[in-house]
Amino acid sequence: MLPLPVFDYHRPRTLAEAVALLATLGDRARVLAGGTDLLPNMKHGLVEPDHLVSIGRIEELRGLALAPATASAPERLVVGAGVRLGELADSLLARRVAPALAEAAASVGGPHHRAMGTLGGNVCLDTRCRYYNQTHFWRKALGYCLKKDGTACHVVKGGQNCVAAASNDTAPALVALGADLEILGAAGARTVAARDFYTADGLRNTVLAPGEIVVRVALPVAVRRRSAFEKLRRRGAIDFPLLSVAAVVDRDEAGAIARVDVVVSALGARPRRLRAAQDVAPGSDPAVVIASVAAAARRECKPLTNLDEDAEWRRDMVPVVVKRALVRALAQG
Amino acid sequence: MAASDDTRVRPAPREPAGANEGSGLVGRRGRALIAPRVTGQVRYTDDLALPRMLFGRLVRCPHPHARIVGIDATRALARPGVVAVITGKDLPERFGIIPWTPDEYPLALDRARFVGDAVAAVCATDERAAHEAADLVDVEYEILPAATDLDGAIARPEVGLGRAGTDNVSKEVALAFGDVDGLLAASDVVVEGEIHYEGSAHAPIETHCALAQLDKNGLLTVWSTTQVPHYLHRELSRVLRLPPTRIRVVQPPIGGAFGGKSEPFSLEFCAAKLAMVTGRPVKFLYTREEEFYAHRGRHPMRIRMKVGAMADGTLTAVDAETAIDGGAYSSFGLVTSYYSGQLLTLPAFAQAYRFKSTRYFTNKPPCGPKRGHGSVQPRFAFETALDKLAVALGLDPIDLRRRNLVPPDSTTLNGLRVTSNGIAQCLDAVESASGWAERRGKLGVGRGLGVASSAYISGTNYAIYPNDMPQSAVQLKVDRSGVVTVFSGQSEIGQGCDAMLAVIVADELGLDLGSVRVVSGDTDLAPVDLGAYSSRGTFMNGNAALSAAREVRHKLVAAVAEKLGVTPREVLVTRGALCVAADPARGVPVTEAIALAEAKFGTLGAVGFYNTPKLGADYRGGTIGASPAYSFTAHVAEVAVDLETGKVDVVRVWAAHDCGKALCPTAVEGQIAGSVYMGAAEALFEEHVIGKDGLHLGPNLLDYRIPTTLDVPDIVPLIVESDDPEGPRGAKEAGEGPLHPSIPAIANAIFDAVGVRIDRLPFSPSRVLAALRAAARARPAAE
Ligand SMILES: Cc1cc2nc3c(=O)[nH]c(=O)nc-3n(C[C@H](O)[C@H](O)[C@H](O)COP(=O)(O)OP(=O)(O)OC[C@H]3O[C@@H](n4cnc5c(N)ncnc54)[C@H](O)[C@@H]3O)c2cc1C
Ligand code: SF4
């Protein structure tokens, strides 16, 4: 077995304690939630923290409930960062008000990963690449790459930027559903929209500052909002996405299309909000919407060779998967 | 039969009709003896820990081909916890499973031949220290030109991986039977095709592990995840230059092998050597990545094949040319090269045959035997060719096969002796179970049925090293408490051979399964058996056990007859008691029978052994593929193809297998299911790919995709019993044969579903979609 490197383990009981600890330990520390991403990455020598701060005991990170509308905000689904993906996937509430999110959670890894893995960990998942998520021996034999220990990119030859893929299934769902992320750091709390949370930098694709913790996720719910999530993968489970697509459709009172949002991920470092979907005019014909957004998706999305499957095929699959997500979102009554 | 005039052969005598007594366990369903395995009580090799044990780790070469200029272990030895480092110079002896092609060193001596080749070994007081220390061993390499695929090996002989260093050839086999050219020229149809198989790994859940200890008497004990303890014993002795009397090999229960553990590996030699150097026990456990470097998986092959037929479906001739990518070392390659041609002539075949197979060395992890050794790839080429012929001739593919079946009790074109043969029943079974006649062609676009058939050996008549001794043996110890212990050299690797022995022995002696213990896989305790490969276990070890058990039974019967005052012929063995056949109320419990027999004959026990009759034809290579019995299989696969994505879903597979006699039907069904699973996995997912730079494309179970439970077809196992005249109670193999038709049946079903032929494995969605698009482009616009 690949051994885990040595580290110091901390298990604070409150958020305040955790944030203070992270502020003290600085960049030598990492947050440990379910560990299903962090620990394999440590075994591969991709991250080498001296300290792990486990947030598994922090009660404030739990909870999945509706928050009533306030003067300034609509009714929201609030999910703690410590909620396990399995809980989220099985939650009747989430399945009803935000099916795309519940479906995304259900499609992560296998049952064991969902039993351990948390929503927060999924939101903050490191980007992935076939040249990066390998053992130290393998990466050494390759000559490393610029995301870790090296200077060259093997995906974009001569490229100066890392284009490792955002591979967290919940990210496109959260972006499409207009979620906000509540973040706490030593400098205080802030709220960042999911769509602003991710950046195009494969080295580090979030705006999270060192020492900050994602506390919870809140997404507006609406009576006539429908959503669906689709994932392209080779096997029925375990596999990270080769493409993941979340589609959200709002209807007006008459049942006509009011607004469409489609987000495609597992391309580069950042989930991509399709322009063509945002441009859909209210009242458009559903069949036309499906066809035109799917066709536009093919032009807007360019799968790379960062994942271990034929990039041409993945490119061909963009419109297919987008279509399937839209069809399901539009089919819901 | 040839067997009877060969004194070394002791096929168990067939009991006359009516004397079929026993405890009635043979043929009964049950999950014999597996409870400890499925409840986690079994202790695997890595579960073993000894006081003062050290942890080993191999230093592996990061280049596909390199000369080792120098190795400096100073930094590693300076790391706290590191106890010793060895290099190739400490074990300068070649080994190899085939005695004619030893070409591996435990640690490469001067040339490393693939990324992952072992060049040094460290041991330390904990696993982490060992891993870190391996990184601190400084190896200076001179990088050499490399051939990382078949084309490279063929085009660039100067890479010099072959024995003489002037080419990359590992083995060439060319055999011809009959007038191939004449018959092909006279054929009404000839189909020609080329298939590509990229290779696959065994991917057992348990990776290789070995633990070695040298005790103060000078006895070296090696616990290993091997499926060939006997060969390991011999090779350890040779390489370590220790007399075999000072070595004991123990094989703990194994968590999957599939052929990937059927020869010695670096870790066993290194654990032993380091234990000798340090005086402390040393354990090695391969990581998942190292498992892919140890490899010995299914060979990549490129097969060009022509098959001819007459208008009525009679097959005329087969002409095959095969390039085999062997990876860095010979392994079983000599046998693979023969098997790639020799095993094709059953169950349905032509009148003439020619094949030329060339195995090349490449700078890749070495290939070897994987379930269905050497014959799965050509089976794909041949069975898809038959499907094309059926289409060309307008015949039902099942009927086409029926027209060309090699009959029971016959000899194949290449001289293989065939005895029992249930292929006709297998074809009937899958035809009716799948609703072939009613459903084929009527399932709508994207859904289809395909058929394929095959045959496989039940062991070979050829020991890996030439000798006249038995190939398989057991010893029976009969305790007066009523416990019977079977000491067997077979390797229980999860396939159920311990249970098979228990069923045979218990049945023969009137015992229940709880009274029989099986002790296997230990060179000190059990007599020699050649190992768990070639599907030889049931046939050979089963026969050995049967003959030992019968010897004991005759003593029990004689003692009971004497006590009851009847003749032995009148005594019936039943479950729990021996009684008078005509008057079952008169009898003695089996435990008492044992006591009576022990009093009469002295301490009870017996040895039983098996050797094959003389088999095989008289040409060079004519014994390779010769088996005392062949199993037969037919599959019908049903697939659903997603026309938008190209994804193939294998919905259901009906698999009929002639295993002679199902000693334990539950176990046979398990083997059929496992085979179908593994075949479907190779058809759809698994691909062991080495890049141009010599790097494995993803030596882990995320990138190397084995199917999950959600990806497994529904499997309908159908057992066919042809009652083999020489098999133990009529049994033949069931472990490897049922895999063979999987891939071509799925390929043929894809054709039936969507009208395209995919000649490169696996049938990934991208390949299927590309083929669908190419077909759409080629179709005339009018359609
Ligand atoms: C075999 C396998 C298959 C997988 N398949 C998928 C898949 O299909 N789809 C998918 O999306 N994922 C997949 N995963 C990845 C992983 O299991 C999930 O993404 C999971 O949700 C990660 O959550 P975690 O709690 O285990 O995160 P951890 O591993 O604990 O943490 C992941 C990262 O997030 C940081 N982090 C965690 N929580 C917080 C927080 N609250 N605030 C700030 N930073 C935080 C950590 O420091 C770390 O950098 C797979 C993993 C494996 C091993
Ligand atoms: S995209 Fe390039 S730099 Fe980023 S991980 Fe992959 S190979 Fe490395």
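Attention shifts here to the confidence of the model for chain B. The predicted coordinates of low-pLDDT regions are not to be read in fine detail. Residues and elements named next belong to chain B. Within chain B, residue pLDDT values average 95, and 97% of them lie at 70 or more. Across residues 1–18, where pLDDT falls below 50, the model places 30 contacts with residues more than four positions away in sequence or in other chains. Among the scores for the predicted complex, ipTM is 0.96 and pTM is 0.96.

All names here are of chain B. Pairing in this open sheet of seven strands is mixed, and the strands run β3-β5-β1-β12-β9-β10-β11 from one edge to the other. A single partner strand is all that each edge strand has here, and the edge strands are β3 (82–87) and β11 (247–250). With strand direction ignored, the average angle separating the axes of adjacent strands in the sheet is 20°. Here six bridges tie strand β1 (residues 54–60) to strand β5 (residues 118–124), and the two strands are oriented antiparallel to one another. Within β5, the position partnered with Phe-55 by the bridge is Ala-124. Relative to the sheet, helix α3 (residues 127–136) contacts β1, β3, β5 and β12 (282–285), its axis offset from that of β1 by approximately 25°. With respect to the sheet, helix α6 (residues 229–240) is in contact with β10 (220–224) and β11, its orientation differing from that of β11 by roughly 145°.

Right, let's get into the site of ligand 2. Taken together, A:Cys129, A:Tyr131, A:Tyr132, A:Cys145, A:Leu146, A:Lys147, A:Cys153, A:His154, A:Val155, A:Cys162, A:Val163 and A:Ala164 make up the full set of residues adjacent to ligand 2. More than half of the atoms belonging to ligand 2 lie within 2 Å of the grid points that define the second largest cavity.

Residue and element names in this part refer to chain B. As summarised here, the arrangement of the three strands in space is β4-β2-β6, forming an open sheet in which the pairing is antiparallel. In this open sheet, the two edge strands, each paired with only one partner strand, are β4 (111–112) and β6 (138–143). Here strand β2 (residues 66–72) runs beside β4; their pairing, made up of two bridges, is antiparallel. Of the residues in β4, the one forming a bridge with Ala-66 is Ala-112.

Moving on, we get to the domain arrangement of chain B. Residues and elements named next belong to chain B. As assigned here, chain B comprises domain 1 (45–144 + 208–285), domain 2 (301–462 + 617–782) and domain 3 (469–610). Between domain 2 and domain 3, the contact holds 22 residues from the first and 18 residues from the second. A buried area of about 1,500 Å², summed over both sides, lies between domain 2 and domain 3, and 59% of it is on carbon and sulfur atoms. Between the two partners, domain 2 and domain 3, sit two salt bridges. When its residues are assigned to classes, the side of domain 2 that touches domain 3 shows nine nonpolar, seven polar and six charged.

The next point concerns the packing of helix α17 (residues 665–684) of chain B against helix α18 (residues 742–754) of chain B. Residues and elements named next belong to chain B. Relative to each other, α17 and α18 sit at 55°, their axes nearing to 8 Å. Relative to α18, the element α17 lies oblique. Of the two possible hands of crossing, α17 and α18 adopt the one that is right-handed. The segment α17 lies against α18, with Ser-675, Val-676, Gly-679, Ala-680, Glu-682, Ala-683 and Leu-684 engaging Ser-742, Ile-743 and Ile-746. Among the residues making up the contact of α17 with α18, the classes are represented as six nonpolar, three polar and one charged.

In this fold, B:Glu289 is placed in helix α8 (residues 288–294). The side chain of B:Glu289 is buried and forms no salt bridge, while B:Arg57, the nearest opposite charge, is found at 5.5 Å. Leaving out residues up to four positions away in the same chain, B:Glu289 has contacts with A:Thr135, A:Phe137, A:Trp138 and B:Pro699.

About the cut-offs
- Residues numbered from 1 in each chain as written.
- Chains lettered and ligands numbered in written order.
- Predicted model: local features only at pLDDT ≥ 70, side-chain atom pairs only at ≥ 80, totals over all residues.
- Heavy atoms only, no water.
- pLDDT = per-residue confidence, 0-100.
- Contact = heavy atoms within 4.5 Å.
- Pairing = 2+ DSSP bridges.
- Helix = DSSP H or I, 4+ residues; strand = E, 2+ residues; numbered from the N terminus.
- Axes fitted to C-alpha atoms, helices over the stretch in contact; angles between N-to-C directions.
- Near = heavy atom within 4 Å.
- 1 Å grid on protein atoms, 1.4 Å probe; cavity = no way out; pocket = protein on both sides within 12 Å on 5 of 7 lines; lining within 4 Å.
- Sits in = over half its atoms within 2 Å of the grid points.
- Domains from an automatic or database assignment.
- Buried area = accessible area lost by both parts, 1.4 Å probe.
- Salt bridge = Lys/Arg side-chain N within 4 Å of Asp/Glu carboxyl O.
- Nonpolar A, V, L, I, M, F, W, Y, C, P; charged D, E, K, R; others polar.
- Parallel < 35°, antiparallel > 145°, perpendicular 65-115°, else oblique.
- Left-handed = near helix turned anticlockwise from the far one by under 90°.
- Buried < 20%, exposed > 50% of the residue type's maximum accessible area, 1.4 Å probe, protein only.
- Lys, Arg positive; Asp, Glu negative; His and termini not counted.

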